[in-house]
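# Secondary and tertiary structure notes
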Amino acid sequence: MMIGFGCKAGMLPLQAWLPTAHPVAPAPASAVLSGIITKAGVLAIIRVTFYLFGADFLRGSWAQTALLCLALATVFAGSMLAYKEKILKKRLAYSTVSQVSYVLFGLFLLNGVGFTGALLQIVFHALVKNLLFMSAGAIIYKTGKTDVGELTGIGKQMPVVIWCFAFGALSLIGIPPTAGFVSKWYLAQGGISEYGMLGIVGAAVLLVSALLTAGYLLPIVTRGFFPGRDFDYANLEKKEPSRYMTVPLVILAVLAVLLGVFPGPLTEFIGGISAAIF
């Protein structure tokens with residue numbers, strides 16, 4: 001069951017369908033696929049782990065250790081593959097492989113703090129990855145550029161889109177005060193507080209993954225706004241999309257910040273769910 005649902009959630013070594021599907025799908029489909037559909041596997045894993053077998057039965061078993069190791073391996077492998085990938089949407093797809101396994105890591109800790117972090121990560125990742133894929137779709141729609149190397153100076157052409165992309169990138173990395181910081185803080189706490197050395201290793205892997213995430217997302221923003229002296233400023237052409245594209249991006253970017261600044265209501269709601277299970 002974990003193999004089947006792990007495949008749906010993009011867990012190593014069954015993650016190959018995600019980076020294969022994303023580059024050929026339209027950007028709105030990629031947003032839904034990454035933000036929502038991969039969570040179906042997570043939902044099934046929650047049902048199996050906590051309602052079929054139970055946390056008390058699995059806690060401390062070889063199954064928990066194996067699943068935690070697989071989740072952490074997926075977090076690192078997805079981030080590393082995204083760091084090396086040159087196609088924008090495929091880079092975001094590998095990022096999804098890594099970020100969804102943050103959720104699995106929190107679930108497999110089998111404690112309340114990790115579970116809370118996992119559910120927060122589900123919400124925030126869905127929000128941010130929709131923002132990033134829709135931004136990528138706007139770039140492709142207006143410029144036809146799909147390779148990261150072609151995006152030098154894109155911030156000068158599409159400032160609103162790239163600013164929204166920047167806020168999504170900061171949240172995905174986990175930089176405060178964005179929403180991603182809140183979920184990753186809970187996940188790190190859950191690992192360090194109750195699962196010994198493997199939990200500490202898990203928190204370290206999350207940190208390394210965050211650094212890799214910064215390495216594959218922030219250069220798009222920095223080169224987009226600061227293309228350097230060799231950039232052809234004379235022939236610069238504004239290519240900002242219409243409000244039908246930019247307004248949803250702005251709303252998602254604002255939510256990514258507001259939920260990081262004011263996470264209390266959502267955290268309390270999810271904490272109630274966690275308390276009912278544990």
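Check the entry above for the structure.
Note that this is a predicted model, so its numbers are computed, not measured.

## What to know about the overall build of the protein
- Secondary structure assignment for the protein yields 13 helices and zero strands.
- Counting from the amino terminus, the protein carries its helices and strands in the arrangement α-α-α-α-α-α-α-α-α-α-α-α-α.
- Taken against the 2.2 N^0.38 rule, which gives 19 Å for 278 residues, the C-alpha radius of gyration of the protein at 19 Å falls within 12% of a compact globule.
- When burial is assessed residue by residue, the protein has 53% of its 278 residues classed as buried.
- In the protein, 81% of the contacts between residues at least 6 apart in sequence involve partners at least 24 apart.

## Examining the environment of Leu120
- You can see Leu120 is positioned in helix H7 (residues 112-143).
- We classify Leu120 as buried; its relative accessible area is 0%.
- Residues Leu120 and Tyr102, spaced 18 residues apart in sequence, show a C-alpha to C-alpha distance of 11 Å.
- With residues near it in sequence (within four places) discarded, Leu120 still touches Val182, Ser183, Tyr186, Leu266, Thr267 and Ile270.

## Section: the packing of aromatic side chains
- Applying the stated rule across the entire model yields seven aromatic pairs.
- Between Phe50 and Phe278, the aromatic rings sit 5.6 Å apart at their centres with planes inclined by 75°, giving edge-to-face as the arrangement. In this pair, Phe50 is assigned in helix H3 (residues 27-53) and Phe278 in the segment after helix H13 (264-277), connecting sequence segments 228 residues apart.
- Judged by relative accessible area, Phe278 falls into the partly exposed class, the value being 37%.

## Quick word on the side chain of Gln99
- Here Gln99 lies in helix H6 (residues 88-108).
- Look past the residues within four positions of Gln99 in its chain and what remains in contact with it is Gln121, His125, Leu172, Lys184 and Thr213.

## Notes on the packing of helix H9 (residues 159-173) against helix H11 (residues 196-225)
- At their nearest, the axes of H9 and H11 sit 9 Å apart, and the two run at 165° to each other. It follows that H9 is roughly antiparallel to H11 by the angle criterion. Crossing handedness for the pair H9 and H11: left-handed. Seen from H9, the contacting residues are Pro159, Ile162, Trp163, Phe165, Ala166, Ala169, Leu170, Leu172 and Ile173; seen from H11, they are Ala210, Thr213, Ala214, Leu217, Leu218, Ile220, Val221 and Phe225.
- Class assignment for the residues of the contact of H9 with H11 results in 16 nonpolar, one polar and no charged.

## Some remarks on unusual backbone geometry
- In this structure, the amide linkage connecting Pro176 to the following residue, Pro177, adopts the cis form with an omega of 10°.
- In the Ramachandran plot, Leu110 falls in the positive-phi region, its phi being about 60° despite a non-glycine side chain.

## Here's the deal with the side chain of Ser209
- Structurally, the position occupied by Ser209 is in helix H11.
- Exposure remark for Ser209: the relative accessible area of 0% places this residue in the buried category.
- Engagement of the side chain of Ser209 in a polar contact is seen with the side chain of Tyr102, the distance being 2.8 Å.
- Here Ser209 is in contact with Val75, Ser79, Ser98 and Tyr102, once residues within four sequence places are set aside.

## Digging into the packing of H7 against H9
- One way to put it is that H7 packs onto H9 with a least axis distance of 9 Å and a crossing angle of 150°. Considering how the two elements wind past one another, H7 and H9 form a crossing that is left-handed. Between H7, through His125, Val128, Lys129, Leu131, Leu132, Ser135, Ala138 and Ile139, and H9, the contact on the second element is made entirely by Val161, Ile162, Cys164, Phe165, Gly168, Ala169, Ser171 and Leu172.
- The class makeup of the residues in the contact of H7 with H9 is eleven nonpolar, four polar and one charged.

## Digging into the pattern of salt bridges
- On inspection of all chains with the given rule, the structure shows one salt bridge.
- A salt bridge links Arg59 to Asp56, with the nearest nitrogen and oxygen atoms 2.8 Å apart.

Parameters and conventions
Residues numbered from 1 in each chain as written. Predicted model: local features only at pLDDT ≥ 70, side-chain atom pairs only at ≥ 80, totals over all residues. Heavy atoms only, no water. Helix = DSSP H or I, 4+ residues; strand = E, 2+ residues; numbered from the N terminus. Rg over C-alpha atoms; globule rule 2.2 N^0.38 Å. Buried < 20%, exposed > 50% of the residue type's maximum accessible area, 1.4 Å probe, protein only. Contact = heavy atoms within 4.5 Å. Phe/Tyr/Trp six-rings, centres within 6.5 Å; stacked < 30°, edge-to-face > 60°. Axes fitted to C-alpha atoms, helices over the stretch in contact; angles between N-to-C directions. Parallel < 35°, antiparallel > 145°, perpendicular 65-115°, else oblique. Left-handed = near helix turned anticlockwise from the far one by under 90°. Nonpolar A, V, L, I, M, F, W, Y, C, P; charged D, E, K, R; others polar. Polar contact = N/O pair within 3.5 Å; in protein donor to acceptor, adjacent residues only side chain to side chain. Salt bridge = Lys/Arg side-chain N within 4 Å of Asp/Glu carboxyl O.

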